[in-house]
Amino acid sequence: MAKKKERSLSQHMAAKKTVRYIVLILLTIICLFSFYILIINSTRAHADITKGFSALPGTWFLDNMRNLLKNGNLPVLRGMINSLIISAGTCILSTYFSALTAYAIHAYDFKGKKVIFTFILAIMTIPTQVTALGFVKFMNQLGLINNFIPLIVPSIAAPTVFFFMKQYMESSLPLEIVEAARIDGAAEFRTFNSIIIPIMKPAIAVQAIFTFVTAWNNYFTPNLLLSKTQMKTLPILIAQLRSADYLKFDYGQVYMMIFLSIIPVVIVYILLSKNIIQGVAVGAVKG
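Quick caveat, the model's predicted, so the values are computed rather than measured. (Residues numbered from 1 in each chain as written. Predicted model: local features only at pLDDT ≥ 70, side-chain atom pairs only at ≥ 80, totals over all residues. Heavy atoms only, no water.)

**Quick look at the packing of helix H11 (residues 201–217) against helix H14 (residues 251–272)**
Argument step 1. Between H11 and H14, the shortest axis-to-axis distance is 10 Å and the interhelical angle comes to 175 degrees. Looking at the two axes, H11 sits roughly antiparallel to H14. The segment H11 lies against H14, with Ala 205, Ala 208, Ile 209, Phe 212, Val 213 and Trp 216 engaging Ser 261, Pro 264, Val 265, Val 268, Tyr 269 and Leu 272.
Argument step 2. Partitioning the contact of H11 with H14 into residue classes produces eleven nonpolar, one polar and no charged. (Axes fitted to C-alpha atoms, helices over the stretch in contact; angles between N-to-C directions. Helix = DSSP H or I, 4+ residues; strand = E, 2+ residues; numbered from the N terminus. Parallel < 35°, antiparallel > 145°, perpendicular 65-115°, else oblique. Contact = heavy atoms within 4.5 Å. Nonpolar A, V, L, I, M, F, W, Y, C, P; charged D, E, K, R; others polar.)

What follows is the structure in structure tokens.
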């Protein structure tokens, strides 16, 4: 009887496991389907794409790429370089200084600490669109229109990244390590760069991915600040291509440009993804 119960329980667990795997496989297919359509359409001609869906790739991949790169109105390679500069700069400044700020709040006791922490969190509730007009006017007064500086330097103040870093430190950074470093005579920046940064590596990797993708896909702020063609980023160029005159509109070029735009994001994710599960799991739950 006991063996029969054990066998029944084992079969029940196996059935539940099978259902979970089926659900996960279906969700994966749904998530990847749009990417599949993107890749397929980047290999098809404009006329074929307008006819409707096709599960099979076409033969126009190189032609679409050649037509896109020859488009004099859209400096695609320059746009990709611009996006890389902005995204990489934003990623580095945002993650480093957010981790530094989180370390200061976590490791030090000082007057006004709770007020500062609350103020930083309150900034998270303010949408970018609310301050955009004043920000653009201020950048115009500083002569920084058509400049990458206002798109990179303000990323030092990133409340969302700071909050994630703070939560991660509370769960993974014992203050005893900091005290031991101080006793050994290590300077504060030496302690942060040599001890804290390696401990924070999973959290930094997670936020580096999110920050890079956010900056890479950012259309709103660059569109307000960049008007010169050679300064524009890929999202702006994609929007220009999509809004082209009907006679000049080419779906093949649109899909090819979107395909090229996701390659750097995929590369960054592959390089940092080994830390993302650990970083999310530890940083999201205070241990």
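**Description of the nonpolar core**
Argument step 1. Formed by 22 residues in total, the largest nonpolar core has its most connected members in Tyr 103, Phe 162, Met 165, Met 169, Ile 196, Met 200 and Ala 203.
Argument step 2. Where this core is concerned, the elements lending two or more residues are helix H4 (76–107), helix H5 (113–123), helix H8 (159–172), helix H10 (188–199) and H11.
Argument step 3. When residues no more than four places from it in sequence are discounted, the contact partners of Phe 162 are Ser 98, Thr 101, Ala 102, Ile 105, Phe 117 and Ile 120.
Argument step 4. The next biggest cluster of nonpolar side chains, apart from the first, holds 20 residues, and it includes Ala 208, Ile 238, Leu 241 and Val 254. (Core = buried A, V, L, I, M, F, W, Y, C linked by side-chain atoms within 4.5 Å. Buried < 20%, exposed > 50% of the residue type's maximum accessible area, 1.4 Å probe, protein only.)

**Quick look at a nonpolar patch on the surface**
Argument step 1. Taken together, Val 19, Tyr 21, Ile 22, Val 23, Leu 24, Ile 25, Leu 26, Leu 27, Ile 29 and Ile 30 make up a surface patch of nonpolar side chains, about 990 Å² in accessible area.
Argument step 2. A relative accessible area of 62% places Ile 30 in the exposed class. (Patch = residues over 30% accessible without salt bridge, like charges linked within 9 Å, V, L, I, M, F, W, Y side chains within 5 Å. Areas by Shrake-Rupley, 256 points an atom, 1.4 Å probe, with all protein chains shown as cover. Salt bridge = Lys/Arg side-chain N within 4 Å of Asp/Glu carboxyl O.)

**Topic: unusual backbone geometry**
Argument step 1. The backbone phi angle of Asn 146 is positive, close to 60 degrees, even though this residue is not glycine.
Argument step 2. Mapped onto the elements, Asn 146 comes out in the loop between helix H6 (128–141) and helix H7 (149–152).
Argument step 3. By relative accessible area, which is 17% here, Asn 146 ends up buried.

**Brief notes about the pattern of salt bridges**
Working definition: two side chains of opposite charge can pair if their charged atoms are close together.
Argument step 1. One pass over the full model with this rule turns up five salt bridges.
Argument step 2. When the shortest N-O distance is used, the salt bridge between Asp 63 and Arg 66 registers 3.0 Å. Of the two residues, Asp 63 and Arg 66 both sit in helix H3 (residues 61–69), three residues apart, roughly one turn of that helix.
Argument step 3. Since its relative accessible area comes to 28%, Asp 63 is described here as partly exposed.
Argument step 4. Ionic contacts of the salt-bridge type, sharing partners, join the residues Glu 179, Arg 182 and Glu 188 into one network.

**Comments concerning the side chain of Gln 253**
Argument step 1. Within the fold, Gln 253 resides in helix H14.
Argument step 2. Judged by relative accessible area, Gln 253 falls into the buried class, the value being 9%.
Argument step 3. A polar contact is formed between the side chain of Gln 253 and the side chain of Asn 71, at a distance of 3.4 Å.
Argument step 4. Other than its neighbours up to four places away in sequence, Gln 253 contacts Asn 64, Asn 67, Leu 68, Asn 71 and Leu 241. (Polar contact = N/O pair within 3.5 Å; in protein donor to acceptor, adjacent residues only side chain to side chain.)

**Comments concerning the confidence of the model for the chain**
Low pLDDT means the predicted coordinates in that region are not meant to be read closely.
Argument step 1. Within the chain, residue pLDDT values average 85, and 91% of them lie at 70 or more.
Argument step 2. Looking at the elements of the chain, mean pLDDT is at its lowest for helix H15 (residues 276–284), recorded as 53, and at its highest for H7, recorded as 93. (pLDDT = per-residue confidence, 0-100.)

**Details of H5**
The α-helix winds at 3.6 residues per turn, so residues separated by three or four positions along the chain end up facing the same way.
Argument step 1. Buried residues of H5: Lys 113, Phe 117 and Ile 120, and no others. Taken down its axis, H5 places every buried residue within 65 degrees of arc, on the same side. Exposed and oriented more than 90 degrees from the buried face of H5 are Lys 114, Val 115 and Phe 119.
Argument step 2. Buried residues in H5 make contact with H4 and H8. (Arc of directions from axis to C-beta.)

**Remarks on the packing of aromatic side chains**
Argument step 1. Across all of its chains, the model carries nine aromatic pairs by this definition.
Argument step 2. For the pair Phe 61 and Phe 259, a centre-to-centre distance of 5.8 Å together with 80 degrees between the ring planes defines the contact as edge-to-face. In this pair, Phe 61 sits in helix H3 while Phe 259 sits in helix H14, placing the two residues 198 residues apart along the sequence.
Argument step 3. Classification of Phe 259 as buried rests on a relative accessible area of 17%. (Phe/Tyr/Trp six-rings, centres within 6.5 Å; stacked < 30°, edge-to-face > 60°.)

**Observations concerning the side chain of Thr 95**
Argument step 1. Here Thr 95 shows up in helix H4.
Argument step 2. Reaching out from Thr 95, the side chain makes a polar contact with the backbone oxygen of Ile 92 at a distance of 3.3 Å.
Argument step 3. Not counting chain neighbours up to four residues away, the residues in contact with Thr 95 comprise Val 161, Met 165, Ile 204, Gln 207, Ala 208 and Thr 211.

**Some thoughts on the packing of H3 against H14**
Geometrically, a packed helix pair is captured by the angle between its two axes and the distance between the axes.
Argument step 1. It is the contact of H3 with H14, at a shortest axis distance of 9 Å, that shows an interaxial angle of 85 degrees. Viewed along their axes, H3 and H14 adopt a mutual orientation that is roughly perpendicular. In this structure, H3 uses Phe 61, Asn 64, Met 65, Asn 67 and Leu 68 to contact H14, whose residues at the interface are Gly 252, Gln 253, Met 256, Met 257, Phe 259 and Leu 260.
Argument step 2. Among the residues making up the contact of H3 with H14, the classes are represented as seven nonpolar, four polar and no charged.

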